[in-house]
Every structure is written in C-alpha cells, then in structure tokens.
Amino acid sequence: MKILVCISKAPDTTAKIAFTNNNTEFDTNGVQFIVNPYDEWYALVRGLELKEQHSGSVTVLNVGTAENDPIIRKALAIGADEAVRIDVNPTDALQAAKEIATYAKTQGFDLLLLGKETIDYNGSQIGAMVAELMDLPYVSLATKLDMNETTATVSRDIQGGTEVVELSTPAVISAAKGMAEARIPNMRGIMAARTKPLNVVAASGASASTTISSYELPPAKGECHYIDADNVGELIELLHNEAKVI
Amino acid sequence: MSILIYANTANGKIHKSALEAVAYGSKIATDMGTNATAIVVGACDDTDTLGEYGATKVLHANDAKFNSFDPSVYTKAVTAAVEAEGADVIIFSHDFTGKAIAPRVAARLDAGLVSGAVDYPKLDSGFTVRKAVFSGKAFANITINTDKKVVSLLPNSVDKAPVGGSATVETFSPEVGAASVTVKEIIKESTDLPLTEAEKVVSAGRGLKGPENWGMVEDLAKALGAATACSRPVSDMDWRPHHEHVGQTGVAIRPNLYIAIGISGAIQHLAGVNQSKTIVVINNDAEAPFFKSANYGIVGDAFEVVPKLLEAAKAFNAANN
C-alpha cells in the first residue's frame, strides 16, 4: 500500500501572533514552527499504522521552501519512509492543492491523507481541492480509518453524530481527533531521518487565486467584570440588560 | 451574473445554518445589484422558506441519488447550478457539509475560496472577505482575485432575520455521474441542536470532578436554552461524549454566550471558543487564565455557584415569560 501524507508547517500553538509590514505579513520573528498537529498526530500516525498492518510505504509531502526541511525531517523521524518537497512557497490553498495534485497524479498512491485543517489559516480546503483536481473520492473530518485491499471504511463526524462510509481507493481522507494517537520520535528515528531521502521537486507553476490584503488583531477584550459569588442574580441581569444575550 | 447559495438540509428540512447563508447571499446580491438563487440538493419539503430569507429562486435537485451525501456528486450538482444560473459568487455555510464541498466546487471552477467568513464582503476595492485565522487569535482580510468567487460563512456570524419575500421553486436535474462513497451506517449521538450552531453554550471541565455532577450543568443549559459542551480532558476521560468537546482539536464554536464552569482556559481550549461574543467564567481559582478572556467572571465553587445561578435563571424565565 502506497500512502501519501501531506504535511503543512504551522506556528506552534503557543506562538505569539503579531504582524509586520503594515499588518500585511505574519511576523515570524521568534516563532517556533511545527508540523501542523492534525497532519502529524492523526494523518501521519494513521498512515504509519496502516503501513505496519498492510506493508507498503509512507511518503510525506510538503509544499514549501528549504526553510521547511526541519519539520519534514521531524515527520521522517516519526517514521515516514521518504519525503518530497515541492519547491515553492504557496500563498493560498488552491495553489498548494494544484501542486500536490500535479505531483500525486503521476505517483500511483493508494491513499492520500492529511489533517482536517491547519492551525494557522484554519481553511479546511486542501484535501477536498486535491480530491476534486484528481477526480478522487474524499471523506472529510474522518475519526477512524480501516483498509482492506482496495476498500477504505471511514467514520466521519457529521452534525450530531457519526457516519460510517465505504469507498474504494485511491481516495483522499482528512483526519480529525480520534484517528490515531500522537507518536514521539525516538533517538533511532531521529538518527535514521537524517539519511532518509528528501526529494526536492520543481513546482508546476500554479498560481494563487486569493491574496491576503491585511491582518488584524481582535479588539482588546475589556477587563473582566467580576460578580460576587453570593450575588449571582446580578450575572443574569447583566447578561440580559448589558450583554443582551439572554 | 447572480449569487448562488447552497442551502443545506437535515432530515428533509432546510437547516438553520442555510437560512443564515441565504440571508448572507441575498444581502450580497442586493449590494451587487443582482438576484440570489438557492440550490437545495436532496429531499426537502420546506424549500419555500428560503424566499422569506431573500432568495428569489430555488433550484431543487431532488432525486434518489442525492439521498446519501457524496461530496463529489453534490459538487457536480452545485457546479451545474452555477453554470445554469451564470453565478459569479457561490455561498456555503462553513459546516460539516460546506467543508466537504465548498473547496471541491472552488477547485472545479478554478475559483478563489475564503472559508469561514465572519462578515459581508467589502466590495469597494474588489471582493474582500474577513475570516478568523491563527485559531481565532487574529483576522485576515482576504481578496478573491478570480472572476468566480466562493465563500463559506461561519455559522452565527451575521443577522438572519427574515425579509419576507417569496421564491419560485424549480426542479433541477443535473447530470452528476455515479456515487463513489457509500454510506453504511449513521450513528446518532445527539438529536439536540448541533454545538456549532447553538447561540448559547454551557460548558464544563475537570473542575466538576466527575460525570455524575453534570446534572446541574444540563439543568442550567436547559434553563438558558443552551447546548452543553466540555473541555478536552473531560471528553478524553469519557465523562462526556466526544462530540461535546470544544477546543483546538474538538469543534470550534462561536456562540453569543459561552459559560465555562471549572475550565482553566488553556490556550488550546481558548482556540475553540475565543470567537464567542460574551464569555462567562466560573472558577474557584482566581488565577485561572480563562478570566483574562472573560467578559464576566465569578470566583467561587461551582457546586455552590451553579445551583444558585440555575435558580436565578429560572426566576428570570418566570418573570419574562
């Protein structure tokens, strides 16, 4: 079974969010970058588990510049067999999806896995776009994935419940919490990652269809209005008269 | 040109988030001097409701092949409607269905997509849509540069009062090909209002000490007409069902009122709730970081405060109904 896991680079969850250049660029100064958690904890680890069950290979793919190599090595340390980096800094999801689809079309993968969204742009777009561009079935927000031969059985979150679906491979699946448990790379994995192949592929030249005009930080929250624990009726009154939410 | 809105259904009825999406699309249509058409895919017996929210026409693709949700099939139905209507702007709700098909439609049309929009587009210099980024820690204003534009609207973001119009409903029979995803089973965990659409949410964390103490949380939620939610440790320990988990790895919500009981407010939890309009924090630890993000705070023991709050809420209901 040939599995492709798409990984994105994202700022660490605790990173301070600030902008430069007249609020048009994310200020990466002092920001630690990580593998996007949904890609790493759920998509990559489930990909590795499936490989362990069925044999085959796990390739990780990132669309980005050489600055992303450390996070790609982390994915190799966790256990991916090889990595591919498409050498362009994409500026929107459709551009990245086109690059992924152009590459993946020629490689004969059985399964394309990725996280449900990135924690920076929170778009939840790339998986569905890649599926459409490759004309493949797609299941979003999958919490469970099992494979046999050419059929995938997937549980996905729906409004107020879970839906169990079956589809034939090749297919694209976006992973959410529940699909796997995060793995911490061990020393052997970290050593092995240094010599695993990381192939750099030229971009196909797809262009972006959106541009970020500006960023804004949310308006500062006012001071918390404390209410005495012995006078909670005041809270109900404030929620009704001041906040107007009840 | 026109505006096309995908109107989601649930159990054969127009879904609440669809009304908001239609109201949103109709306002854009008015601003752009055009009409709003809604497309409904699958069985639905109240399509005419969409007229009340501003759609002037409803295309209803009602065929057995739409009975189970296959994103690829639904995508083809929506893009066929885009062609039939000559639509330039396509609106979805950013819910479970919208997340699965809006990006496919965008890719198929080679159109720019902004997902999770929180406001109407600014039209004075192009088409610029605001959305939350960095898990709610900032906003980005994103300009769509393609002729066709796709926007998915974060539920509970704009006003959705009915405008009192009416729509003509037409049967729509697009060519969509065969389904590639077969639904084997649907497991219903809750028949309540989905968390992502609830306007009020009462949520509790580890401070409640055990699942047997959730009765007062449920009672308070009921008295306020709110949905219940929980923090990650609570869902990890199986005190509460998985679908109630709000936060970075759970669902992200944006209610008008979020009441957090016995939740310290770790950054991963805040990422899922910091878009809430009013936040109330009840915690016995005055140093809990959540108070920094709260509009209202009560420092006190949940087991004393919540029952009192429940009484106050009941008294309020009795006085106002």
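Our subject is the structure listed above.
Just so it is clear, the structure is predicted and the values come from calculations on it, not from any experiment.

About the criteria used
Residue numbers run consecutively from 1 along every chain, following the written order of its sequence. Starting at A for chains and at 1 for ligands, labels are handed out in the order in which the entities are written. In keeping with the predicted nature of the model, local features appear solely for residues at pLDDT of at least 70, side-chain atom pairs appear and are counted solely at 80 or more, and the whole-chain, interface and lining totals rest on all residues. The basis for the side-chain values is all heavy atoms of the structure; hydrogens and waters are excluded. Here, a salt bridge means any side-chain nitrogen of Lys or Arg that lies within 4 Å of a carboxyl oxygen of Asp or Glu. Helical segments are the DSSP runs of H or I of at least four residues, strand segments are the runs of E of at least two, and each set is numbered from the N terminus. When a residue's accessible area, from a 1.4 Å probe over protein chains only, is under 20% of the maximum for its type it is buried; when over 50% it is exposed; and in between it is partly exposed. Between any two strands, pairing holds if DSSP finds at least two bridges. For helices, the axis comes from a line fit to the C-alpha atoms of the stretch in contact; other axes are also lines fit to C-alpha atoms, and the angle between any two N-to-C directions lies between 0 and 180 degrees. In what follows, roughly perpendicular refers to angles from 65 to 115 degrees, roughly parallel to angles under 35, roughly antiparallel to angles over 145, and oblique to any angle outside these ranges. Helix crossings get a hand from a simple test, with the near helix turned counterclockwise from the far one by less than a right angle marking a left-handed crossing and a clockwise turn marking a right-handed one. In this description, contact between two residues means that some pair of their heavy atoms is separated by no more than 4.5 Å. The classification used treats Ala, Val, Leu, Ile, Met, Phe, Trp, Tyr, Cys and Pro as nonpolar, Asp, Glu, Lys and Arg as charged, and all other residues, Gly among them, as polar. Here the nonpolar core consists of buried residues drawn from Ala, Val, Leu, Ile, Met, Phe, Trp, Tyr and Cys, with membership extended through side-chain atoms lying within 4.5 Å. Note on terms: buried area is the combined drop in 1.4 Å-probe accessible area of two parts once they are placed together, counting the loss on both. Under this definition, polar contacts are N or O atom pairs within 3.5 Å; protein pairs additionally need one hydrogen-donor-capable and one acceptor-capable atom, and for neighbouring residues in sequence, both atoms have to be side-chain atoms.

**Q** Requested: an account of the pattern of salt bridges, with residues and values cited.
**A** Residue and element names in this part refer to chain A. Taken as a whole, this structure holds 26 salt bridges over all chains when the rule is applied. The closest approach of N and O atoms between R183 and E52, which form a salt bridge, is 3.0 Å. Of the two residues, R183 sits in the loop between strand 12 (171-175) and helix 5 (187-193) while E52 sits in helix 1 (residues 37-54), which places them 131 residues apart along the sequence. Judged by relative accessible area, which is 27%, R183 ranks as partly exposed. One salt-bridge network, in which partners are shared between bridges, spans R46, E49 and D146.

**Q** I'd like a description of the pairing of strand 6 (residues 57-63) of chain A, backed by residues and values.
**A** All names here are of chain A. Counted residue by residue, strand 6 has six buried out of seven residues, so it is predominantly covered. Bridge count for strand 1 (residues 2-6) against strand 6 is five bridges, and the pairing is parallel. In the sheet register, V5 faces strand 6, and the bridge partner there is V60. Sheet topology places strand 6 next to strand 7 (residues 82-86); five bridges connect them, and they run parallel. Pairing of V60 across the sheet is with A83, part of strand 7.

**Q** So what about the packing of helix 4 (residues 126-134) of chain A against helix 4 (residues 96-109) of chain B? Which residues, and what values?
**A** Their axes nearest at 7 Å, the elements helix 4 of chain A and helix 4 of chain B cross at an angle of 45°. With respect to each other, helix 4 of chain A and helix 4 of chain B are oriented oblique. Every pair of crossing elements has a handedness; the one defined by helix 4 of chain A and helix 4 of chain B is right-handed. On helix 4 of chain B, the residues that touch A128, M129, A131, E132 and L133 of chain A of helix 4 of chain A are K99, A100, P103, R104, A106, A107 and R108 of chain B. Residues that form the contact of helix 4 of chain A with helix 4 of chain B fall into these classes: eight nonpolar, no polar and four charged.

**Q** Please set out the sheet that holds strand 12 of chain A residue by residue, giving values where relevant.
**A** Spatially, 13(A)-7(A)-6(A)-1(A)-8(A)-12(A)-9(A)-10(A)-11(A)-12(B) is the arrangement adopted by the ten strands of the open sheet, whose pairing is mixed. A single partner strand is all that each edge strand has here, and the edge strands are strand 13 (198-201) of chain A together with strand 12 (181-188) of chain B. Each strand axis lies, on average, 30° off the axis of its neighbour in the sheet, ignoring direction. Along the sheet face, helix 1 of chain A touches strand 1, strand 6, strand 8 (111-115), strand 9 (138-148) and strand 12 of chain A and points at about 150° away from the line of strand 8 of chain A.

**Q** Lay out the nonpolar core in plain terms, naming residues and giving numbers.
**A** Ranked by size, the top nonpolar core spans 53 residues in total, and within it L112 of chain A together with F92 of chain B carry the most contacts. Top element by residues in this core is helix 3 (residues 93-104) of chain A. It accounts for seven residues. Grouped together as the second largest cluster of nonpolar side chains are 41 residues, A36, I91, A117 and V133 of chain B included.

**Q** Account for the interface of chain A and chain B, naming residues and giving values.
**A** Between chain A and chain B, the contact holds 75 residues from the first and 88 residues from the second. Approximately 6900 Å² of surface area, both sides summed, lies buried where chain A meets chain B, with 56% of it carried by carbon and sulfur atoms. In this structure, the connection of chain A to chain B is made through seven salt bridges. With a shortest N-O distance of 2.6 Å, E132 of chain A and R108 of chain B are connected by a salt bridge. Where chain A meets chain B, there are 39 residue pairs in polar contact (both at pLDDT 80 or more). The biggest single contributor to the side of chain A that touches chain B is strand 11 (residues 161-168) of chain A, with eight residues. Residue composition of the side of chain A that touches chain B, by class: 39 nonpolar, 22 polar and 14 charged. As paired elements, strand 15 (residues 225-226) of chain A and strand 17 (residues 296-299) of chain B share two bridges and run parallel to each other. Note that in strand 17 of chain B the partner of H225 of chain A across the bridge is Y296 of chain B.

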